[in-house]
Every structure is written in structure tokens, then in C-alpha cells.
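# Fold and contact review
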Amino acid sequence: ALKDNTVIVVLGASGDLAKKKTYPALFGLYRMGFLPRDVHIVGYARTKMDDAEYHKRITSYIKIADDDEDGKAKLEEFKKFTFYISGGYEDGPSFENLNRFIEGIESKYQSKERNRLFYLALPPSVFIPVAQHLKEQCYSKDGKNRIIVEKPFGKDLESCRELLSSLKQHWSEDETFRIDHYLGKEMVKNILVLRFANVAFGAAWDKNSISNVQITFKEPFGTEGRGGYFDEFGIIRDILQNHLLQVLSVLTMERPVSFSAEDIRDEKVKVLRAIPPIERNDTLLGQYVAANGKPGYLDDDTVPPNSVCPTYAATTLWIHNPRWEGVPFILKAGKALNEAKVEVRIQFKDVTQGIFKDISRNELVIRIQPSEAVYLKINAKTPGLNTRAIPTEMDLTYKRRFTEIKIPEAYEALILDALRGDHSNFVRDDELDVAWKIFTPILHWIDGKNGPAPKPVPYPYGSRGPKELDSFINKYGYKRTVAE
Ligand code: BG6
């Protein structure tokens, strides 16, 4: 349940994440009536400014249409309970000051209960000191304390373990909410329902029926000024090791005993443990180059010259368990491609030859974004006086079917879950550990830790990706279906 009397503290309130995601989501929740009663939001960052200046910033973060009078009025209300206070990330007195500020707000509460939710929208270099100071100086003794943290959770298995164990000295697993915002997306949450509430899908969900699975992330823009961060991490750490692997785990886990957070995450960990580390020859790496009037990755001033950091990666994972033995799971992600799209494409096997020849395979596509949809490619009889089969689709496009419903933003869903104390869509410590085990060897190879770093193949900005992509996916048995 939602806790009344909650102070939400956003640390890193002037940064990119707060601006793009945290504040718009908090406002979205307020607008929909989902924030607890007596909620207050305190922004905290190094930049010195007063509430008025800060409110001006919030107004620029939150997009409201010119004719949306209700939205504008709600935003004015929202500002009344949002404050700002500046301070450092590594010194005790700043956090004592923050604590006094929070206590000032709480002193007006009628009940004794004082709940605090700390949202760390911060660079990893200050995760640990901030977590420690929050525990030492800002921990409420009369209510729930929760902390939300975001990736990067380390750079490999070892650094992740170090980070986790440092954070654990101050915050228990129950108090910690690790965001992978893909778990907050409507269509990712939908996977469990599709799989376990439909006999038809459940029955065909294994190596007997499925030939190959692709989980694809495509973005039409490059690193654009974010190259400093990106170059240190690369596309695998940015997208595959977290977002796409999380999608893979909900797609392939066994049915959990219940919908409880621990039951779900137990099953996710179990299936991930059946995946061996990725092999080099199951990997294709690319880097975008200038084309169509757009700059190449190396033209970004924030990127070191000659960087071999991949901005595109396709890797194939194998699950060694009775359900999935032999089925390739191809994870693909790239920046600066021809479109914005994230989808899961499950390609079924060929029908047994006999009465039909050259017939297209069935495919179940779960489109995560844009325009959420589930569609199934099937073969049907050509209408009319003949018996030929033609490929066609059963199409559940959300905006056509559910016209009245607004699909929430991932961050709205996740912040609400954290306020409710529901961990189902957050990443547990052991999930991270096993995710890093799968990716660490390949990442060390790419980082040039055990020899020369591999050189990614070039692909033009705005293209489908490296030209080697088609032969890469065909190698795993993918067959292009007719009606794409
Ligand atoms: C973030 C990555 O985790 O996810 C970004 O760091 C990426 O590089 C973003 O752009 C994509 O998220 P979404 O919700 O826009 O698909």
C-alpha cells in the first residue's frame, strides 16, 4: 500500500535523468492521482539555486500542451510541494542540512509516521558516499526508508560485486529498488500474462515449436554529446546486459509459483543461470560512421579518437535446459539506425512438409515500442475460390484496441511500485550477479583486457546496421517471412 507522509528526495535533481525521466514521472503520477497523501518532493544537487529558479527548471522538464489548462493548473499545484536544496555528495554537513530540511517538512505531519524515498539520479562515482550519508544522516527512525538506484551497476562481475557489497553495508535488499526501466514498460509486463494466461501460447513455448528468437533494440540517434559516458560502457553494457537480458528472462523463465516478487525473481535467476557466457563467434560488433549528413561516432567530440567502442552489437545466447536447448536467442541493439523500435520476434518452426510447400513461418511479435502491439503472423486460405495459403496477421495494436487507455510511462509505473514497496519489477542482487557472469568474458575481450580489442565493423548512420547482420541471423536458422 502507499504510505502517506512520504518525502521523496531526488538526488541529482539538476541532472539529465531527473530532467528527462524522474520529474516528468513524478508529475505524471501526481496528475493521475497516484502520489501518496501528504507527499513532498525535495530536489538535491550541487548547483546553488532557490525554489523559484528550480520551479522554472521543472516547468521546462515537464511538457504540457499549450491548450492543456488542466495540466497547467496541476503543475502549479505540483510546485507547491516541491522544493530544492543544494549540497555536496561527499560531506556529512550537507546531508545533515538535508535532514533538517526534511524534518522541517515532516514536523507538519499529523501522525508520527515519516516515510522517506531516496531516488539516486546520480553518476556511479558518488553512489557509495551518497548511500552511506543518507543512511547515517537522513534515515527516518519512524517509518519506511527506501532507496532507488539506477545502472550502471558496475562494469563487470567483480566491480558489480564490490558496488553491491558496499551499498549493502548501509541499505538492506528490502529497502533497495534497482531500476531497469525496461521492466516498467507495459509490453514487458505483458509477457508474463501472454505466456501464463493463454494455453495457446504456453503450449507452443519451447524448442519443439520455436526455431529462434530475436530481441531487438533500435535507436535512430547516436551518442550526441553523451559520448563520454557511452565510450566507457558501450552498447552491450548500455542495453544488452540489462534491458534486453531482462526481457529475455521474462520470456524464457518457468512459470512462477505466484506473482510475488520473490517467486518471479527466483524463476528469472534460474533461467539466467542456465545461460553460459557468450562466445566470441556468437557476436557481431559495429560502430556507426558518418552518412546522410550525420556525424560518425568518432566525430563526436566527447568520444576519444580511434575508439573501438561498439555502438552496435548482436549476440546469441543459448539456454541449457530442457525447454530451450538448441534455440538461439539473438539480442541486437544499435544506436544511429534507421528507426526507433524495440521488439521481440519469436519465429516458429516450419510446418511439416507435405500438403504445403514454401509456406511462411509463424511469428509472434511483441512490439515494446513505439506503438505497443502483439501480432501473430499466420497463414490463411486466400479468400475466394482457391485453396492457396497466404501469409497474413492477427493484429493486436494497443492504440486501436484499447482506445480509452493511456499507457503509463515506465518510470511512472516503477516509482509507483517503489512507493508501494513492490519489488517485482526491480532487479534483485543475484539477478545482477548472473547477468554479469554471462557478459563479463565477452566484455573483457571487447575492452582489450586479454589481447588486442576487436575492431567493430562500420555501418552508416541511419542504416539497418552492419551489412553482416543478415548472414549473422541466418546462421541461427532465421528465415525471412514473406509479409514483413
Ligand atoms: C538507457 C540507455 O538505459 O535506455 C540509453 O542508457 C537509451 O542509451 C535508453 O537511449 C533507451 O530507453 P527507452 O526507454 O527510450 O527505450
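Here the structure is a predicted model, which means the values were calculated and not measured.

As a further point, take the overall build of the protein. A tally of helices and strands in the protein yields 14 helices and 15 strands. When its C-alpha atoms are laid out on the principal axes, the protein stretches across 80 × 55 × 45 Å. Within the protein, the proportion of its 484 residues that are buried is 54%. When contacts within the protein are restricted to residue pairs at least 6 apart in sequence, those whose partners lie at least 24 apart make up 77%. Of the roughly 21,900 Å² of accessible surface on the protein, 52% is carried by carbon and sulfur atoms. Between the centroid of the 69 positive side chains of the protein and the centroid of its 68 negative side chains there is a distance of 4 Å.

What follows deals with the site of the ligand. The environment of the ligand is formed by Lys151, His181, Tyr182, Lys185, Phe217, Glu219, Arg226, Tyr229, Asp238, His243, Lys335 and Gln369. One nitrogen or oxygen atom from the side chain of His181 is found 2.8 Å from an oxygen atom belonging to the ligand. At a separation of 2.7 Å, an oxygen atom of the ligand approaches a polar side-chain atom of Gln369. Its free accessible area being 400 Å², the ligand has 80% of it covered by the protein chains. Of all the elements, helix α9 (residues 227-252) adds the most residues to the shell around the ligand, at three residues. By residue class, the composition of the shell around the ligand is three nonpolar, three polar and six charged.

Before going further, it helps to examine the side chain of His40. The topology assignment puts His40 in strand β2 (residues 39-45). Judged by its relative accessible area of 15%, His40 falls in the buried class. Of note is the side chain of His40, whose polar atom sits 3.2 Å from the side chain of Tyr109. In this view, His40 contacts Thr6, Val7, Ile8, Phe81, Phe83, Ile105 and Tyr109; residues no more than four positions away in its chain are not counted.

Let us now look at a nonpolar patch on the surface. A cluster of nonpolar side chains, contributed by Val351, Ile355 and Phe356, occupies part of the molecular surface with about 320 Å² of accessible area. On the secondary structure map, Ile355 appears in the loop between β11 (341-348) and β12 (363-369). With relative accessibility at 78%, the residue Ile355 sits in the exposed group.

When the UniProt feature table is mapped onto this chain, "domain: Glucose-6-phosphate dehydrogenase NAD-binding" (unreviewed entry) is found at residues 9-190. Secondary structure within residues 9-190 divides into 45% helix and 17% strand; the distance between the first and last C-alpha atoms comes to 30 Å.

The next thing to look at is the sheet that holds strand β15 (residues 457-460). Working definition: the strands of a sheet are paired by backbone hydrogen bonds and lie parallel or antiparallel to each other. The strand order β14-β13-β12-β11-β7-β10-β9-β8-β15 describes an open sheet built from nine strands, whose pairing is mixed. The strands lining the two open edges of the sheet, one partner per strand, are β14 (389-397) and β15. For this sheet, the mean inter-axis angle between neighbouring strands, taken without regard to orientation, is 20°. Pairing geometry for strand β7 (residues 210-218) and β11, over eight bridges, is antiparallel. Across the sheet, Gln214 pairs through a bridge with Arg345, a residue of β11. With respect to the sheet, helix α7 (residues 186-196) is in contact with β12 and β13 (373-381), its orientation differing from that of β12 by roughly 145°.

Peptide bonds are mostly trans, and most non-glycine residues show a negative phi. The residue after Lys151, namely Pro152, is reached through a cis peptide bond having omega 5°. By secondary structure assignment, the location of Pro152 is in the loop between β5 (145-150) and α6 (157-168). The amide bond that connects Gln369 to the next residue, Pro370, takes the cis arrangement and shows omega of -10°. Among the secondary structure elements, Pro370 is positioned in the loop between β12 and β13. At Asp38, a residue that is not glycine, the phi angle is positive and equals roughly 60°. Using a relative accessible area of 41% as the deciding quantity, one classes Asp38 as partly exposed. Even without glycine at this site, Asn292 takes up a positive phi of about 50°. Residue placement: Asn292 occurs in the loop between β8 (283-289) and β9 (312-317).

Counting buried positions along strand β1 (residues 6-11) gives six out of six residues, so the element sits mostly inside the fold. A two-sided burial pattern is seen for β1, the buried positions comprising Thr6, Ile8 and Val10 on one face and Val7, Val9 and Leu11 on the other. Here six bridges tie β1 to strand β4 (residues 115-120), and the two strands are oriented parallel to one another. Considered in β4, the bridge of Ile8 is made with Leu117. Here β1 pairs with β2 via six bridges, running parallel. Within the sheet, the bridge partner assigned to Val7 lies in β2 and is His40. Each parallel crossover has a hand, and for β1 linked through helix α1 (residues 16-31) to β2 it is right-handed.

Spatially, β3-β2-β1-β4-β5-β6 is the arrangement adopted by the six strands of the open sheet, whose pairing is parallel. Two strands close off the open sheet at either side, each with one partner strand: β3 (82-86) and β6 (176-179). For this sheet, the mean inter-axis angle between neighbouring strands, taken without regard to orientation, is 20°.

In this section: the side chain of Ser211. Mapped onto the elements of the fold, Ser211 is located in strand β7. Of the residues examined, Ser211 reaches a relative accessible area of 12% and is grouped as buried. In this structure the side chain of Ser211 is engaged in a polar contact, spanning 2.9 Å, whose partner is the side chain of Asn212.

Applying the stated criterion to the full structure yields zero disulfides. This cysteine, Cys160, is not joined by any disulfide, and Cys309 carries the nearest cysteine sulfur, 20 Å off. With relative accessibility at 1%, the residue Cys160 sits in the buried group. For Cys309, a relative accessible area of 8% puts it in the buried group.

What counts as what
Every chain's residues receive numbers from 1 upward, in the order its sequence appears when written. Per-residue local features are limited, in this predicted model, to residues with pLDDT of at least 70; the limit for side-chain atom pairs, both in listing and counting, is 80 or more; totals at the level of whole chains, interfaces and linings are taken over all residues. Neither water nor hydrogens contribute to the side-chain values; these are computed over all heavy atoms in the structure. Only runs of H or I of at least four residues qualify as helices and only runs of E of at least two qualify as strands under DSSP, and these elements are numbered from the N terminus. A 1.4 Å probe rolled over the protein chains alone gives each residue an accessible area, and that area as a share of the maximum for its type sets the label: buried under 20%, exposed over 50%, partly exposed in between. Residue contacts follow a heavy-atom distance rule, with two residues in contact if any of their heavy atoms lie within 4.5 Å. For accessible areas, the Shrake-Rupley method is used with a probe of radius 1.4 Å. Any residue's cover is judged against the shown protein chains and nothing else. Positive charges come from Lys and Arg, negative ones from Asp and Glu, while His and the chain ends are left out of the count. Charge positions are represented by NZ for Lys, CZ for Arg, CG for Asp and CD for Glu. Definition of nearness: a residue and a molecule or strand are near each other if at least one heavy atom of the residue lies within 4 Å of the molecule or strand. A 3.5 Å cut-off defines polar contacts: any pair of N or O atoms within that distance qualifies, except that in protein one atom must be a possible hydrogen donor and the other a possible acceptor, and neighbouring residues in sequence count only when both atoms are side-chain atoms. Here the term charged refers only to Asp, Glu, Lys and Arg, the term nonpolar to Ala, Val, Leu, Ile, Met, Phe, Trp, Tyr, Cys and Pro, and the term polar to all other amino acids, Gly among them. Patch rule: a residue counts if its relative accessible area is over 30% and it has no salt bridge; like charges are joined within 9 Å, and nonpolar side chains (Val, Leu, Ile, Met, Phe, Trp, Tyr) within 5 Å. Whenever a carboxyl oxygen of Asp or Glu lies within 4 Å of a side-chain nitrogen of Lys or Arg, that contact is scored as a salt bridge. UniProt positions are given in the numbering used here, feature names are shortened, and annotations may be inferred rather than shown by experiment. We treat two strands as partners when DSSP finds at least two bridges between them. To obtain an axis, a line is fitted to C-alpha atoms, over the contacting stretch when the element is a helix, and the angle between two such axes runs from 0 to 180 degrees between their N-to-C directions. The path from the first strand over the helix to the second decides the hand: if it runs clockwise while the strands point away from the viewer, the crossover is right-handed. When the sulfur atoms of two cysteines come within 2.5 Å, that pair is taken as a disulfide.

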